[in-house]
Every structure is written in C-alpha cells, then in structure tokens.
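Commentary on secondary and tertiary structure
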Amino acid sequence: MRPIKNIHGDKAPHWVGDGFYVKTLINHLDDNPHFNYSHTDPFLLFDYGKPTTFHPNPNYKTQPHGVGQHPHKGFETVTIAYEGEISHADSVGGQGIIQKGDVQWMTAGRGIMHEEFHSEAFGQRGGVFSMVQLWVNLPSTHKLTDPNYQSIKRADLPLVELIDSSNPDHQTTIGKAAIIAGVWQEITGAANTFTPINLWDIELHTAGATTLKVPNTHNTLLLVQEGELLVNGTSVSAGNLIQFDAPTQHRTDDQAQQTLATDNIELHYPATENDEQAPVKLLLLSGEPIGEPVAGYGPFVMNTQEELRQTFRDYQTGNFVK
C-alpha cells in the first residue's frame, strides 16, 4: 500500500478571470519543503474549481465570463469540465466546446496563445459550473515541440469497471474509471502524452471497497472532487488533494520494456444509514518524475533562467508564436 503523506485543501479560493473560481492545490512556484515540485513532478499546477452557481449572463455574446487571450510555453494544460461548458480557441487553430465530462489536452510546446470562456450556451442559461485544470511539464527534449490540441469527448474515454473487493463472492460493480491517460488493467487512455502519466476520472456510486494500482515509480496524488470516502483508512472529503509517499522505485533503462511493479491505494465508500448513496468523484494523477530543473514564471515554464528571459523577450517583442 502506498501510504498517505499529507492532505492538502486549506488553500483559499480565488478568481481566474471572472469565470473560474478555483483553489490552487499544486503550484510549482511554491517553496514549501514538504510539498513542492519535487513531490509532484511532472505536474506543475493544479486548480480545482468547486461547484459554483453562475446566474445567466445578459452579455454572454459580447462579454462572456472567463479569461481572454494569454500565452503559454513549455508545458501542457489539461482541462476537465465536470459541470457547465468551456469555450476554447487558440493561435494555431484549435477550438471547441468542452462539455460536461469532456477533456481538453493542449500542448503549448514552443508557444501558444489561447482563450477560455464560458460557452455561449452556458452563459445564456447559467447554472452550476465546476472544472479542474492541470499543468503537465514537458521534458527538455520536447519543450519546443509544436503546439497541439487534443479534444477528447466523454464518450470516447475508455472505461474500467470497479468491482467491490469487500464481497468477492458477488462481483458487484460499485463504480467506474474513465481512463483519460495512461494504462489500467491493460486499457489505454485516450490522450497521448510525452512522459508516462496516469489520469483517471473515477466515480463510485455504490457502497463498497476497491483498489487502485499505480506504478511504484510514479509520484501519485488523488483529488476528492465530490463526496467523502476512506482512502487507505483515512476519511477525506471534497476539495482535498491527497499526497502519497514518494515513489518506492525509480525506472531504469532495463525497465522501459517491462511491466512495472505497482503500489495499492485502497478506497472504501461506506454505506449510508438511509441507503441513499450520493456518488463520490475522484481524479487520480500519477506520473513518472522528469527530474529536470524548472525555471518558471507566470504562463512560461522552461529549464533555465536564460531560457525564461528569452521567452519574455520574444513575447514582448512580438516574436512569441512566429
């Protein structure tokens, strides 16, 4: 079993633009000795947008809620819509509506400009809005890769059924996991990644217990997006990010073509007194550490301070996305 090291959830929420009310649960710029980029590598930043109600926007066409055009370089952004809809457009022609359950995986690479707003349909009607955005670092060999846009619909995500391990005689399905990236039970996720990453969108709808298996070479974190459950025997509620102990092994060249050993994470969803089970929603993040220096500021993440300064010069002189 991979032990829990810490649980993070005490960050104050803040607005990103006027459309995203989030708690930043991972920030590669933090210098906390107990929780910094060395513990989350390759994940740079993680914003959790708890369910927030928006009134209909009378100016949904001309002044949609969100964030206008802004740059990124040196990493990837992954956005998941849990409730509501997000409209995306970028400087290389990627665009689309991220609907409930959909995933947008945008590779900024050598540089991209993009914007993120509530969709016109959601702005017009209003309602509950909830999302997460994850920044995934790129290794130095791919920092300057061409920008790319993966639009992944919920219906295209492979699913793994979660079987109740507390009652092995009855093979009861208590939930499911949508495999956004990585591999679980020989099922490969929909997203293409530059380094080994698992991103599993998990929902438990029935009381019971089940086990997640993650590579013992990965940094591993688990967000409780909605509900409450026991993780390795510890009660964790919505809005909290679980940090597990550091990887017990480090991948070697000989292991590249081999099946890696795994660590267990035990999930237990207790039955309620009235037998009405509200779904518990989780997001598992695990990734093999890149192990390279990081020089970041704002929307740019490079390997050295000189690369970072050159990026700012390019942006300020109009040479950023040429």
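In the block above lies the structure referred to throughout.
So, here's what we can say about the structure. Note that the structure is predicted; figures quoted are calculated from it, not measured.

**Looking at the overall build of the protein**
Scanning the protein from N- to C-terminus turns up three helices and 26 strands. Computed over C-alpha atoms, the radius of gyration of the protein comes to 20 Å, within 12% of the 20 Å expected from 2.2 N^0.38 for 322 residues, which places it in the range of a compact globule. Expressed as lengths along the three principal axes of its C-alpha atoms, the size of the protein is roughly 65 × 55 × 35 Å. Taking all 322 residues of the protein together, 51% fall into the buried category. Within the protein, residue pairs in contact and separated by at least 24 positions form 72% of the contacts whose partners lie at least 6 positions apart. Between the averaged position of the 20 positive side-chain charges in the protein and that of its 37 negative side-chain charges there is a distance of 6 Å.

**With respect to the packing of aromatic side chains**
Tallied over the full model, the rule gives 12 aromatic pairs. Ring centres of tryptophan 15 and tyrosine 21 lie 4.9 Å apart, and the angle between their planes is 40°; on these two criteria the pair is classed as tilted. Judged by its relative accessible area of 45%, tryptophan 15 falls in the partly exposed class. Assessed through its relative accessible area of 26%, tyrosine 21 is described here as partly exposed. Look at tryptophan 15 and phenylalanine 54: their rings are 6.0 Å apart centre to centre, the planes differ by 80°, and that puts the pair in the edge-to-face class. A residue pair is termed long-range when its members are at least 10 positions apart, and tryptophan 15 in strand β2 (residues 14-16) and phenylalanine 54 in strand β4 (residues 43-54) qualify at 39 residues.

**Quick word on the layout of surface pockets**
Within this model, the second largest pocket holds a volume of roughly 260 Å³. For the second largest pocket, the lining is made up of 14 residues, of which Val16, Asp47, Glu116, Gln133 and Trp135 are closest to its centre. For the lining of the second largest pocket, the secondary structure elements donating two or more residues are β2, β3 (20-27), β4, β5 (66-72) and β11 (127-137). Taken together, the residues of the lining of the second largest pocket break down into seven nonpolar, five polar and two charged.

**A short note on empty space enclosed by the protein**
Rolled over the atoms, a probe sized like a water molecule indicates the empty space that remains. Under the counting rule described, the total for this entry stands at three cavities of 30 Å³ or more. In this structure, the largest cavity is lined by Leu25, Ile26, Asn27, His28, Asp30, Phe35, Asn36, Tyr37, Thr40 and Leu44. Contributing elements (two or more residues each) for the lining of the largest cavity: β3 and α1 (37-40). If one sorts the elements of the lining of the largest cavity by residue count, β3 sits on top with three residues.

The rules behind each value
- Residues numbered from 1 in each chain as written.
- Predicted model: local features only at pLDDT ≥ 70, side-chain atom pairs only at ≥ 80, totals over all residues.
- Heavy atoms only, no water.
- Helix = DSSP H or I, 4+ residues; strand = E, 2+ residues; numbered from the N terminus.
- Rg over C-alpha atoms; globule rule 2.2 N^0.38 Å.
- Buried < 20%, exposed > 50% of the residue type's maximum accessible area, 1.4 Å probe, protein only.
- Contact = heavy atoms within 4.5 Å.
- Lys, Arg positive; Asp, Glu negative; His and termini not counted.
- Charge placed at Lys NZ, Arg CZ, Asp CG, Glu CD.
- Phe/Tyr/Trp six-rings, centres within 6.5 Å; stacked < 30°, edge-to-face > 60°.
- 1 Å grid on protein atoms, 1.4 Å probe; cavity = no way out; pocket = protein on both sides within 12 Å on 5 of 7 lines; lining within 4 Å.
- Points joined across faces, edges and corners; volume = space filled by probe spheres on them.
- Nonpolar A, V, L, I, M, F, W, Y, C, P; charged D, E, K, R; others polar.

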